[in-house]
Amino acid sequence: MATYGATIAWERNGETFTDNRYSRAHRWTFDGGIEVRASSSAHVVPLPYSAEDAVDPEEAFVASLSSCHMLWFLSIAAKKRFCVDTYTDAAEGIMEKNAEGRFAMTVVTLRPHVVFSGNKQPSSSEVEALHYRAHDECFIANSVKTEVRCLPVLG
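Small disclaimer: the values here were computed from a predicted structure and weren't measured. (Residues numbered from 1 in each chain as written. Predicted model: local features only at pLDDT ≥ 70, side-chain atom pairs only at ≥ 80, totals over all residues. Heavy atoms only, no water.)

### So, the sheet that holds strand β6 (residues 103-110)
Line of reasoning, step 1. Strand order in the open sheet formed by 3 strands is β5-β6-β8, and the pairing between neighbours is mixed. Among the strands making up the open sheet, the edge pair consists of β5 (92-97) and β8 (147-150). Looking at each pair of strands side by side, their axes are set apart by 20° on average, direction ignored.
Line of reasoning, step 2. Sheet topology note: the β5/β6 ladder contains 6 bridges and is antiparallel. Among the inter-strand pairings, lysine 97 is bridged to a residue of β6, identified as phenylalanine 103.
Line of reasoning, step 3. Of the strands in this sheet, β5, β6 and β8 touch helix α1 (residues 57-79), which is tilted by about 35° from β6. (Pairing = 2+ DSSP bridges. Helix = DSSP H or I, 4+ residues; strand = E, 2+ residues; numbered from the N terminus. Axes fitted to C-alpha atoms, helices over the stretch in contact; angles between N-to-C directions. Contact = heavy atoms within 4.5 Å.)

So, in structure tokens, the structure goes:
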């Protein structure tokens, strides 16, 4: 078992607050001291009360799923002796009402594009199998009820 943590900090900075017209900008601080500027999404809380130049929880959710999948994919590919040169993913999440009528991230679609080098090149079916296994192993995908799709970009 492992424990993971983050410190989330927000300050009122003199704003009235009770009129609901306050900045949602805040900080995420992770172990090792990395600090990320965060905010609500402008899709949820309109500007100027959201910060466009900050990461919102919905983006972080999509990035977390994509990152976990990528890390598993790289690990599995390396064990199979496939040399990965680049991995990029234009991941996308859809926020809509779920079956219970509540807003939720209902689908996250990963679109990983992987470039391999070396003499040992995986076939299309082997690439799909690597992605299938990475999805199956991903801790984050195993932790959510959102449908997570993986549509590898081949070629």
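This is not the end of the story, as more comes after the structure.
### Observations regarding α1
Residue pairs three or four apart in sequence face the same way in an α-helix, which turns once every 3.6 residues.
Line of reasoning, step 1. Over its 23 residues, α1 runs 33 Å from end to end, which matches the ideal 33 Å to within 8%, given 1.5 Å per residue.
Line of reasoning, step 2. Within α1, burial applies to Val62, Leu65, Ser66, Cys68, His69, Phe73, Ile76 and Ala77.
Line of reasoning, step 3. At its buried positions, α1 is contacted by β4 (83-89), β5, β6, β7 (112-117), α2 (124-137) and β8.
Line of reasoning, step 4. Capping the start of α1 is the job of one residue whose side-chain oxygen sits 3.0 Å from the backbone nitrogen of glutamate 58: aspartate 56.
Line of reasoning, step 5. Remark: arginine 81 follows α1 within two positions and exhibits a positive phi of approximately 70°. (Expected span 1.5 Å × (residues − 1). Buried < 20%, exposed > 50% of the residue type's maximum accessible area, 1.4 Å probe, protein only. Polar contact = N/O pair within 3.5 Å; in protein donor to acceptor, adjacent residues only side chain to side chain.)

Honestly, that's just the spatial picture; any functional story needs more than this.
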